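# Remarks on the overall topology
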Amino acid sequence: MARASLVLIACVATVAIAPQPVRAQDTETTVDEIIVTARRSGAPMWEVTRGGTTILLVGAIQAVPAGIEWRPDALEQATRQADRVYFPQQANVSPADIFRIIWRSRTLTRMPEGKTSADYLSPEWQARMDALEATYDEDWSRDSFLIVSSDLLSDKLGLRDRGNHEVGEVVRRAARRARVPVTSIGSVRGDALIDDLLTRPPETWVPCMQASIAATEAGPEAVQARGLAWTRFDVPAVMASPIESAMMQCWPWGDPALGTLLRGQWISAVEGALREPGVTLAVAPLRVLAETGGVLDDLERRGFEIVGPDWRADQGED
């Protein structure tokens, strides 16, 4: 149970930091080649340019399912030719934070004393959860919604990272070999994340639980469909997936304060990259880029020309 909490903590952070110094490079002769190459990366990518600055936004999804193949070689080449790489936020988790999670595991893993899931879910959603309990021979009624949603998405649907098959790891390895500077856009103290988890009342987890139930009902077919849509650059289909909806509703992205802060830090990081000379390749969660009011909507609203796949369903109608 403590392991499940640590997995969640490792996924997030909040404070944007300044990029590292970039390498000297003749961007005049390499930018076009990088852009053309990255567009064949097998992952959705958008190009935004301001003067002599270009940022390539690569939209990553968590847990590309087994059997879904995508071509990392072109993305590796684009990474090697970039001036810098930006990655998502990191969490600074200390041994004291881990001990605190273990010490307070009852709060993180169980419902409040005398309460069950039926005290928070409507009769309709409780019946749907009961049906999943019967299917998987489980009893989640007294488990916290944090644990139940993690069990549904990670264990029952198999939404786990695939190591070196993930976009972030592919880019990180290529950058390390080419000695391209890599910068996380921010960090956060582990104790702040733990405080957020420990103080959230069960009722605030209801949207996450409902989305997790719906995603699990959709089954492995929905997981595969989301992965295929991602490799085909069908971003609206990814965003409409019940799998993606669950990830957007659950912690940390579904937390009103933390989710807002995380999204704001990405917008700030992209603005900072647009003030840096040369080419920045940024690996960001696709949901942060393509959601309504997200990074791409913000750039479009501000008048930037964005080259890449449609990220809204209504764009094909223009």
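Let me sum up the structure you'll find in this document. Predicted model only: the values in this text are computed from it and were never measured. (Residues numbered from 1 in each chain as written. Predicted model: local features only at pLDDT ≥ 70, side-chain atom pairs only at ≥ 80, totals over all residues. Heavy atoms only, no water.)

## Considerations on the overall build of the protein chain
- Scanning the protein chain from N- to C-terminus turns up 16 helices and nine strands.
- Taken as a whole, the protein chain presents about 14,300 Å² of accessible surface, with 52% of it coming from carbon and sulfur. (Helix = DSSP H or I, 4+ residues; strand = E, 2+ residues; numbered from the N terminus. Areas by Shrake-Rupley, 256 points an atom, 1.4 Å probe, with all protein chains shown as cover.)

## Notes on the packing of aromatic side chains
- Taken as a whole and judged by the stated rule, the model has two aromatic pairs.
- Here Trp70 and Trp230 contribute two aromatic rings whose centre-to-centre distance is 5.6 Å and whose plane-to-plane angle is 75 degrees, an arrangement assigned as edge-to-face. Of the two residues, Trp70 sits in the loop between strand S3 (53-60) and helix H3 (73-81) while Trp230 sits in helix H11 (residues 220-231), which places them 160 residues apart along the sequence. Assigned by exposure class, Trp70 and Trp230 land together as buried.
- Ring plane angle 80 degrees and centroid distance 6.2 Å describe the contact between Tyr120 and Phe145, whose orientation is recorded as edge-to-face. (Phe/Tyr/Trp six-rings, centres within 6.5 Å; stacked < 30°, edge-to-face > 60°. Buried < 20%, exposed > 50% of the residue type's maximum accessible area, 1.4 Å probe, protein only.)

## What about H11?
- End to end, H11 covers 17 Å across 12 residues, agreeing with the expected 16 Å (1.5 Å per residue, within 8%).
- Along H11, the positions that sit buried rather than exposed are Ala222, Val223, Arg226, Gly227, Ala229, Trp230 and Thr231. (Expected span 1.5 Å × (residues − 1).)

## Focus on the pairing of strand S2 (residues 45-50)
- Where S2 meets S3, six bridges bridge the pair, whose relative direction is antiparallel. Of the residues in S3, the one forming a bridge with Thr49 is Thr54.
- The hairpin formed by S2 and S3 contains two residues between the paired strands, and Gly51 there has a positive phi angle of roughly 60 degrees.
- As defined by bridge partners, S2 adjoins strand S9 (residues 306-307) across two bridges and the pair is classed as antiparallel. Residue Glu47 lies in a different strand from S9, and its bridge partner there is Val307. (Pairing = 2+ DSSP bridges.)

## Considerations on the side chain of Glu244
- Position of Glu244 relative to the elements: it lies in helix H13 (residues 242-249).
- Beyond its immediate chain neighbours, meaning those up to four positions away, Glu244 contacts Ile61, Arg226, Val238, Met239 and Arg287. (Contact = heavy atoms within 4.5 Å.)

## As for helix H7 (residues 145-156)
- Taking burial as the measure, the 12 residues of H7 include nine buried ones, the bulk of the element.
- Within H7, the full set of buried residues consists of Phe145, Leu146, Ile147, Val148, Ser149, Ser150, Asp151, Leu152 and Leu153.
- Phi turns positive one or two residues past the end of H7, at Gly158, with a value near 75 degrees.

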